[in-house]
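# Examining the three-dimensional arrangement
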Amino acid sequence: MSIRIVNATLPNGERGDFTIDRGVFTDATSADRTIDAAGLQALPGLVDLHTHLREPGFEQSETVLSGTRAAAMGGFTAVFAMANTMPVQDTAGVVEQVQSLGIDHGYATVRPIGAVTEGLEGVKLSEIGAMANSRANVRVFSDDGKCVHNALLMRRALEYVKTFDGVVAQHAQEPTLTVDAQMNEGAVSSELGLAGWPAVAEESIIARDVLLAEHVGARLHICHLSTAGSVDVIRWAKARGIAVTAEVTPHHLLLTEELVRGYDARFKVNPPLRRDEDVHALRAALADGTIDIVATDHAPHPPEAKECSWAEAAFGMVGLESALNVVQQAVVDTGQLDWADVARVLSQKPAEIGRLDGYATPFALGAPANIVLVDPSARSTFSAESLRGKSTNSPYLGRELPGRVMTTIHNGYETVRNGDVVDAAEVAQQARAAESEAARG
């Protein structure tokens, strides 16, 4: 089915009309269906470089189907799936399985991230070359959830991925400095009697790894930057010409360690929520380009992993459905980013880092039709009913957030229509039709 979108506001503020047919933008002026996008902000389909889909192995928390439904609801048309599944995504067979599940369900493109080390154990490099040469065409490698703390292994990984223009995405956490850590180290942790997580545990790994990346001449990406000191290290590295990129999560742009005072495990996350000063430093760094992208670190957990004591609770928050709302509140409504910047940090740049084709020239004739229409004037209270994944461990429940995704179009077909996800059977059918059309050329 062809789709005509009229009266949309482009990221540059101009009004634009689009026609979508056979999965791409065309210059036709009529279509089978017309969407009047007056008052809606058009953005290129969002790309999340850091998602935990949990399948295979942890389907009680999330599946590729439920996770990509959540992604579509948030305006995402592509997600990069982290490797901490069971079995771990450390072989060609597992990454191909995850990619195939994404293709079958059709809500979003799923690009698997390969593990850096076998079993995420930090002892021996995984089958990096085999994953890179597989049907999944893996270009991002990470042990996220764990740090590649062995400097020699990290160097070897950087050397390996350099040969095919891959990137290592580091979870920067020196493990010897964070044993039993429960929250940010500082006055609040001392007051609450919780073991502190020092900022230097993150900053020291980043400092080491940017020097390794410089020595090797490879690309390095830093996951979920959370401290002002980390911003300083990244800014220094970029000034030296080191090929490093960095991400910040929506929750680190908005929430602070003060929320831990209630011992609500929805606010327990790795890296931990930091000081207000860190939040403001992260926002400024995103605005000036020191931080390249926003990534969700969507980390679903079943109720029993969160509805327990703080010390026993799992680290992590769901974030796909709320990411764009939080970004709007934290940096758009405050005037630090405009919608063109949002398109850059939530679509074009993450696609570039992950070497995902089709996002460099959004809305161009012949380009893949990945687009999201957002009502920036909407405001609503975020609740469990706002979620479309399997888990409800969101830190935003009960909080009023701006913006609402009204339409998400992935590869030319709707995955969100009139503000809600399209039925799974219809999406899967459309995905099969799109794949058949692409195969016919």
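Only a predicted model underlies this, so the values are computations on that prediction, with no experimental measurement involved.

### A few points about the UniProt feature "binding site: Zn(2+) 2" (unreviewed entry) in the protein
Mapped onto the present numbering, the UniProt feature "binding site: Zn(2+) 2" (unreviewed entry) falls at Asp144, His171 and His224. Of the residues just listed, which span 81 residues, no C-alpha pair is farther apart than 10.0 Å, and they cluster in one region. Mapped onto the elements of the fold, Asp144 is located in the loop between strand 9 (140-141) and helix 4 (151-162). Taking the relative accessible area as the measure of exposure, Asp144 reaches 5% and is therefore buried. With near-sequence residues (within four places) excluded, Asp144 lies in contact with His50, His52, Met82, Asn84, His171, Cys223, His224 and Asp297. Among the polar contacts made by the side chain of Asp144, one reaches the side chain of His171 at a distance of 3.1 Å. Mapped onto the fold, His171 is located in the loop between strand 10 (167-170) and strand 11 (183-184). His171 has contacts with Asp144, Gly145, Lys146, Cys147, Cys223, His224 and Asn270, leaving out every residue within four places of it along the chain. One polar contact links His171 to Gln173, side chain to side chain, over a distance of 2.8 Å.

### Digging into the packing of aromatic side chains
Counted under the stated rule, the structure contains five aromatic pairs. Taking the centre distance of 5.9 Å and the plane angle of 65° together, the rings of Phe141 and Phe164 count as edge-to-face. Placement of Phe141 in strand 9 and of Phe164 in the loop between helix 4 and strand 10 is noted, with a sequence separation of 23 residues between them. Its relative accessible area of 0% is what places Phe141 among the buried residues. An aromatic cluster is defined as three or more aromatic residues linked by ring pairs; in this entry it consists of Phe18, Phe25 and Phe363. The positively charged end of Lys268 is found above the aromatic ring belonging to Phe315, 4.6 Å away from the centroid.

### Topic: the nonpolar core
Formed by 92 residues in total, the largest nonpolar core has its most connected members in Phe141, Leu225, Leu286, Leu324 and Leu346. It is helix 10 (residues 323-332) that provides the largest number of residues to this core, a total of seven residues. With sequence-adjacent residues up to four places away left out, Leu225 is seen in contact with Glu202, Ile206, Ser230, Val231, Ile234, Ala246, Glu247, Val248, His252, Leu282 and Ile291. Counting 18 residues, the second largest nonpolar core, distinct from the first, contains Phe363, Ala369, Ile371 and Leu373.

Reading the values: the criteria
Residues numbered from 1 in each chain as written. Predicted model: local features only at pLDDT ≥ 70, side-chain atom pairs only at ≥ 80, totals over all residues. Heavy atoms only, no water. UniProt positions renumbered as here; feature names shortened; annotations may be inferred. Helix = DSSP H or I, 4+ residues; strand = E, 2+ residues; numbered from the N terminus. Buried < 20%, exposed > 50% of the residue type's maximum accessible area, 1.4 Å probe, protein only. Contact = heavy atoms within 4.5 Å. Polar contact = N/O pair within 3.5 Å; in protein donor to acceptor, adjacent residues only side chain to side chain. Phe/Tyr/Trp six-rings, centres within 6.5 Å; stacked < 30°, edge-to-face > 60°. Lys NZ or Arg CZ within 6 Å of the ring centre and 35° of its normal. Core = buried A, V, L, I, M, F, W, Y, C linked by side-chain atoms within 4.5 Å.

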